[in-house]
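Take a look at the letters that make up each chain.
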2 protein chains.
Amino acid sequence: MTEHDEQFMRRAIALAQEGIDAGAGGPFGAVIVLGSEIVGEGYNQVTSTNDPTAHAEIVAIRNACRKLNSFQLDGGVLYTSCEPCPMCLGAVYWARPSRVFYAATREDAAKIGFDDEFIYEEIEKNFEHRQMKLVNLLRDEGLTVFENWENKPDKTKY
Amino acid sequence: MTEHDEQFMRRAIALAQEGIDAGAGGPFGAVIVLGSEIVGEGYNQVTSTNDPTAHAEIVAIRNACRKLNSFQLDGGVLYTSCEPCPMCLGAVYWARPSRVFYAATREDAAKIGFDDEFIYEEIEKNFEHRQMKLVNLLRDEGLTVFENWENKPDKTKY
């Protein structure tokens, strides 16, 4: 942990406050740093943009990737004002920065009314115990498309 | 399960094939249905748009919410050509459709080289056992912003 880490985290927390002040969405901010430069920022914009996926981390990842013209953030660091929810943690794994710093925890988020902890609990359950019903349908036809992907010679893997 | 469910799933699978043919990204498609109408569609666009979050389900959810002017999909149904990854399943919980149909499974996706199963395993681990390093930093300052949110009188909850 360095002084720079604290500086970037304070920027993420300031973004969370900016989002509150702008009425953009929930109280969450995030920055992506590559080397010692901020390459992407964001605050939660769920309610103002009618986009349930517009969490701070997702917004920051998308902005950073757009700036870098890359779908990967190798060597990048995410600073987020709150522990990522499962959606955002999933996005982190797909974007592949090298590490994540977070300030408030999922339990802190639950205390102010956000579902992060509930969703973590749900995702870890077997299908039959989840509140969300997930039903398998036409698997064979889905697999046919996977075969077509496997046989495509010029695909970009990720 | 009805004939309509199969019809909508076939549309999701057809979108996956469209995405392959367009060179848009991985072989995944999704539709959101409300009542008996498709209100959002999408296929994976990760590599073509440099957006690691542009999975089929996320694209379809964003399109449906934009069309409905809502950050919630109450009563909606998601049909996806493959079991949602943790990012997309998290997005489903935030968008709150009533159920999800999927064709191929996370294990099927793993077999053609996608990380879904790996990310599920990671998310269920305690922090110290994850490959991704998550480090707590400046929690107190993060909590201050949460208090400001709590004290904001005109906030939109979600």
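Just so it is clear, the structure is predicted and the values come from calculations on it, not from any experiment.

A.B. asks: Would you take a moment to explain the relation of the copies chain A and chain B for this structure?
C.D. replies: Both copies of the chain are tied together by a single rotation about an axis and a shift running along it. With an RMSD of 0.0 Å, the fit of chain A onto chain B corresponds to turning through 180° and sliding 0.0 Å along the axis. The operation mapping one copy onto its partner corresponds to a two-fold rotation axis. For chain A, the minimum C-alpha distance to the rotation axis belongs to Met87(A) and amounts to 1.9 Å. Same-surface contact between copies: 100% of interface residues of chain A are shared with the interface of chain B.

A.B. asks: Explain the sheet that holds strand β4 (residues 99–104) of chain B to me, please; I cannot follow it from the model alone.
C.D. replies: Sheet strands associate in pairs through backbone hydrogen bonding, adopting either a parallel or an antiparallel arrangement. Pairing within the open sheet is mixed, and its five strands lie in the order β5(A)-β4(B)-β3(B)-β1(B)-β2(B). The sheet is open, and its two edges are formed by β5 (133–136) of chain A together with β2 (37–43) of chain B, each paired on a single side. Direction aside, the axes of adjacent strands within the sheet are offset by 20° on average. Two strands pair when backbone bridges link them, and strand β1 (residues 29–34) of chain B and strand β3 (residues 77–82) of chain B are joined in this way by four bridges, in the antiparallel orientation. When the sheet's bridge partners are listed, Ala30(B) is paired in β3(B) with Thr80(B). Here helix α7 (residues 139–150) of chain A sits on the sheet and contacts β5 of chain A together with β3 and β4 of chain B; the angle it forms with β4(B), its principal contact strand, is near 55°.

A.B. asks: Just to check I follow, could you spell out the pattern of salt bridges for this structure?
C.D. replies: Enumeration over the complete set of coordinates arrives at 24 salt bridges over all chains. Of the charged contacts in the structure, one is a salt bridge between Asp51(B) and Arg62(A), with a shortest N-O distance of 2.8 Å. Placement of the pair is Asp51(B) in the loop between α2 (46–49) and α3 (56–68) and Arg62(A) in helix α3 (residues 56–68), with the two residues belonging to separate chains. Of the residues examined, Asp51(B) reaches a relative accessible area of 7% and is grouped as buried. One network of salt bridges, in which partners are shared, links Glu6(A), Arg10(A) and Glu141(B).

A.B. asks: Just to check I follow, could you spell out helix α4 (residues 86–95) of chain A for this structure?
C.D. replies: Each α-helix turn comprises 3.6 residues. Residues three or four places apart therefore point the same way. All names here are of chain A. A large share of α4 lies buried, amounting to ten of its ten residues. Of all the positions in α4, only Pro86, Met87, Cys88, Leu89, Gly90, Ala91, Val92, Tyr93, Trp94 and Ala95 are classed as buried. The positive-phi residue at the C-terminal boundary of α4 is Arg96, with phi of around 60°.

A.B. asks: What is the right way to read the pairing of β1(B) from this model?
C.D. replies: In the case of a regular strand, side chains alternate between the two sheet surfaces. All names here are of chain B. Of all the six residues making up β1, five are buried; the element is thus mostly covered by neighbouring parts of the structure. Sheet topology note: the β1/β2 ladder contains six bridges and is antiparallel. Within the sheet, the bridge partner assigned to Ala30 lies in β2 and is Gly42. Hairpin connection of β1 to β2: two residues between the antiparallel strands, including Gly35 at a positive phi of 65°.

A.B. asks: Mind showing me how you'd approach the sheet that holds strand β4 (residues 99–104) of chain A here?
C.D. replies: Across the sheet, five strands lie side by side as β2(A)-β1(A)-β3(A)-β4(A)-β5(B); this open sheet has mixed pairing. Looking at strand neighbours, the two that pair on one side only are β2 (37–43) of chain A together with β5 (133–136) of chain B, the edges of this open sheet. The average undirected angle you get between the axes of adjacent strands in this sheet is 20°. Where β4(A) meets β5(B), four bridges bridge the pair, whose relative direction is parallel. Along β5(B), the bridge assignment pairs Val100(A) with Leu134(B). Across the sheet, helix α7 (residues 139–150) of chain B touches β3 (77–82) and β4 of chain A together with β5 of chain B, and the angle it forms with β4(A) is around 55°.

A.B. asks: Where do I start with the side chain of Glu57(A) in this structure?
C.D. replies: Residue and element names in this part refer to chain A. Along the chain, the position of Glu57 falls in helix α3. The side chain of Glu57 is buried and forms no salt bridge, while Arg106, the nearest opposite charge, is found at 11 Å. Within the structure, the side chain of Glu57 is placed 3.2 Å from the side chain of Thr80, a separation counted as a polar contact. Look past the residues within four positions of Glu57 in its chain and what remains in contact with it is Ala30, Leu78, Thr80, Cys82, Glu83, Pro84, Cys85 and Cys88.

Basis of the calculations
Going along each chain's sequence as written, the residues are numbered from 1 onward. Throughout, the order in which chains and ligands are written sets their labels, letters from A for the former and numbers from 1 for the latter. Given that the model is predicted, a residue must reach a pLDDT of at least 70 before its local features are reported, and side-chain atom pairs must reach 80 or more before they are shown or counted; all residues, however, enter totals for whole chains, interfaces and linings. Side-chain descriptors were evaluated using all non-hydrogen atoms of the structure, hydrogens and water having been removed beforehand. To line up the copies, we fit them by least squares on C-alpha atoms, keeping just the residues with pLDDT of at least 70 in both. The contact rule is simple, with two residues in contact once any of their heavy atoms fall within 4.5 Å. In this analysis, strands are considered paired if DSSP registers two or more bridges between them. The secondary structure listing takes helices from DSSP runs of H or I that are at least 4 residues long and strands from runs of E that are at least 2 residues long, numbered from the N terminus. For helices, the fitted line uses only the C-alpha atoms of the stretch in contact; every axis is such a line through C-alpha atoms, and the angle between N-to-C directions lies from 0 to 180 degrees. Every case where a carboxyl oxygen of Asp or Glu lies within 4 Å of a side-chain nitrogen of Lys or Arg is listed as a salt bridge. Only protein chains enter the accessibility calculation, which uses a 1.4 Å probe. A residue is then buried if its area is under 20% of the maximum for its type, exposed if over 50%, and partly exposed in between. Two residue types count as positive, namely Lys and Arg, and two as negative, namely Asp and Glu; His and chain ends fall outside the count. Polar contacts, as used here, are pairs of N or O atoms within 3.5 Å; protein pairs need one atom able to donate a hydrogen and one able to accept it. Residues neighboring in sequence count only if both atoms are side-chain atoms.

It is worth stressing that arrangement in space is one thing and function is another; only the former is reported here.
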